[in-house]
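# Structural description and commentary
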Amino acid sequence: GFVLGGRSVGPWLTAFAYGTSYFSAVIFIGYAGQFGWKYGIASTWIGIGNALVGSLLAWVVLGRRTRIMTQHLDSATMPAFFGSRFDSKALKIGSSAIIFVFLIPYTASLYNGLSRLFGMAFNIDYTVCIVLMAILTAIYVIAGGYMATAINDFIQGIIMLFGIAIIIAAVLMSKGGFMEAVNGLAQVSDPAASAQPGVFASFFGPDPLNLLGVVILTSLGTWGLPQMVQKFYAIKSGPAIKQGAIISTVFAMVVAGGSYFLGGFGRLFDIDVKTLGYDAIIPKMLENLPDLLIAVVILLVLSASMSTLSSLVLTSSSTLTIDIIKPASKKMTERTQLSVMRVLIAVFIIISAVLAF
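Below is a summary of the structure that appears in this document. (Residues numbered from 1 in each chain as written. Predicted model: local features only at pLDDT ≥ 70, side-chain atom pairs only at ≥ 80, totals over all residues. Heavy atoms only, no water.)

Let us now look at the packing of helix 2 (residues 25–39) against helix 13 (residues 291–328). For the pair helix 2 and helix 13, the least separation of the axes is 7 Å and the interaxial angle reads 110°. By the angle class used here, helix 2 and helix 13 are roughly perpendicular. Contacts between helix 2 and helix 13 involve Ala25, Phe28 and Ile29 from the first element and Val297, Leu300, Val301, Ala304 and Ser305 from the second. Within the contact of helix 2 with helix 13, the residues separate by chemical class into seven nonpolar, one polar and no charged. (Axes fitted to C-alpha atoms, helices over the stretch in contact; angles between N-to-C directions. Helix = DSSP H or I, 4+ residues; strand = E, 2+ residues; numbered from the N terminus. Parallel < 35°, antiparallel > 145°, perpendicular 65-115°, else oblique. Contact = heavy atoms within 4.5 Å. Nonpolar A, V, L, I, M, F, W, Y, C, P; charged D, E, K, R; others polar.)

For the rest of this paragraph, the subject is the nonpolar core. Soluble globular proteins tend to pack their nonpolar side chains together in the buried interior. Membership of the largest hydrophobic core comes to 110 residues, with the highest contact counts inside it found for Phe23, Phe28, Tyr111, Phe265 and Met285. No other element matches the 17 residues that helix 6 (residues 126–174) contributes to this core. Each residue touching Phe28, except ones within four places of it in the same chain, is listed here: Ile164, Ile167, Ser259, Leu262, Ile282, Leu286, Val297, Leu300 and Val301. (Core = buried A, V, L, I, M, F, W, Y, C linked by side-chain atoms within 4.5 Å. Buried < 20%, exposed > 50% of the residue type's maximum accessible area, 1.4 Å probe, protein only.)

Between its first and last C-alpha, helix 6 extends only 27 Å over 49 residues, short of the 72 Å set by a 1.5 Å rise per residue. Helix geometry: helix 6 is bent most strongly at Gly145, by close to 130°. (Expected span 1.5 Å × (residues − 1). Bend = angle between axes of the 7 residues up to and from the residue.)

This paragraph deals with the layout of surface pockets. Taken as a whole, the largest pocket spans an internal volume of roughly 510 Å³. Contributing elements (two or more residues each) for the lining of the largest pocket: helix 4 (78–85), helix 13 and helix 14 (334–356). The dominant element in the lining of the largest pocket, judged by the number of residues it contributes, is helix 14, at four residues. Broken down by class, the residue content of the lining of the largest pocket amounts to eight nonpolar, five polar and six charged. In this structure, the second largest pocket encloses a volume near 400 Å³. What lines the second largest pocket is a set of 18 residues, and nearest its centre among them are Tyr22, Tyr31, Tyr106, Thr218 and Leu225. Where the lining of the second largest pocket is concerned, the elements lending two or more residues are helix 1 (11–22), helix 2, helix 5 (89–121) and helix 8 (208–220). In terms of residue count, helix 2 provides more of the lining of the second largest pocket than any other element does, four residues in total. The class makeup of the residues in the lining of the second largest pocket is 11 nonpolar, seven polar and no charged. (1 Å grid on protein atoms, 1.4 Å probe; cavity = no way out; pocket = protein on both sides within 12 Å on 5 of 7 lines; lining within 4 Å. Points joined across faces, edges and corners; volume = space filled by probe spheres on them.)

Here we come to the packing of aromatic side chains. Considering all chains together, one arrives at 18 aromatic pairs under this definition. Residues Trp59 and Phe232 carry aromatic rings whose centres are separated by 5.0 Å and whose planes lie at 85° to one another, so their mutual orientation is edge-to-face. Of the two residues, Trp59 is situated in helix 3 (residues 44–72) and Phe232 in helix 9 (residues 226–234); the sequence distance between them amounts to 173 residues. Exposure remark for Trp59: the relative accessible area of 1% places this residue in the buried category. Overall, the relative accessible area of 1% leaves Phe232 in the buried class. Note on Phe82 and Phe86: the rings are 6.5 Å apart at their centroids and 40° apart in plane angle, and the pair reads as tilted. Residue classification places Phe86 among the partly exposed positions, given a relative accessible area of 49%. The structure contains a cluster of three or more aromatic residues connected by ring pairs, namely Tyr18, Tyr22, Phe23, Trp59 and Phe232. (Phe/Tyr/Trp six-rings, centres within 6.5 Å; stacked < 30°, edge-to-face > 60°.)

Tracing the chain through its elements places Thr319 in helix 13. Given a relative accessible area of 2%, Thr319 falls into the buried group. There is a polar contact of 2.9 Å between the side chain of Thr319 and the backbone oxygen of Thr315. Setting aside residues no more than four positions away along its own chain, Thr319 makes contact with Thr77, Pro79, Ser96, Ile99 and Ile324. (Polar contact = N/O pair within 3.5 Å; in protein donor to acceptor, adjacent residues only side chain to side chain.)

Below, the discussion takes up the pattern of salt bridges. Two side chains of opposite charge can pair, provided their charged atoms sit close to one another. Counted under the stated rule, the structure contains one salt bridge. As a salt-bridge pair, Lys284 and Glu287 come within 3.6 Å of each other at their nearest N and O atoms. Look at Lys284 and you get partly exposed, because its relative accessible area is 30%. Given a relative accessible area of 30%, Glu287 falls into the partly exposed group. (Salt bridge = Lys/Arg side-chain N within 4 Å of Asp/Glu carboxyl O.)

Honestly, it's all geometry; don't read function into it.
This is how it looks when you write it as structure tokens:
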């Protein structure tokens, strides 16, 4: 119940949990700015690829099969599934170690988007935001486990959907509207990127082959992420998986497609990328928005970060407890496992916050 919500989570909650775990502050601040600068509005293809390959195809290929097999093998974590499915203790321990070691720096990286945004655009001390985010996430994940995380992800996902739409509209209006912004982008030239004029406003951008590589990299990588695949363990069986696939795809199309589309207009703003780096692009685009919209941006980035953070710490703690600590301690009851998991959630959140500082 704590790790998988009793395997009875509905399609809306699961789809939003999948989407919000997929897209964190890193995509909005880092990737959108970087790839938008390199490829112009053609970077929108990355978001479309994330929706069709990273969401829809992942649900179609993995969703039902993963749900059936993990229940059949009574597996609550990815390493437990590997161990049972391939009858290999080494595979189980190896995958547990990989998850435990590498999800911590991944968790810490979530705070980078916050540090850039709050420090550069709003002159807010991001220490306050890290502490606030860590405490709030710890409270609801420790108290309610997967179900609490899924409900919060749903709320945070709604904030992300509306936030992206509002911010895109505001940024385009600041440049005279969509057509004016595209015309402005068509005037931009960068000999280092392409000799062809107007390439940043074109359909495939200055380097279609590399763009395809980015689409594949950011879309297929999610198929192996334990915090993503575990969403299929918890969903209700039956038609919920088909419904979840559609909802998840629409969510990804709006959030990822919208983020990369927004980043594509970065060159319309006076940004010294060589000095400030790619992470400065989106904050610079947003810094002159009205205070109310700045508040929307803050909520958007906090929501994106907290939803991913909660998934990562729950995955790390459950894997470490169920797959490593429990087998080493033969007499461990379910109540003790739950207590250990809750302690580890707090430990992971503290470690990631310390690494971020």
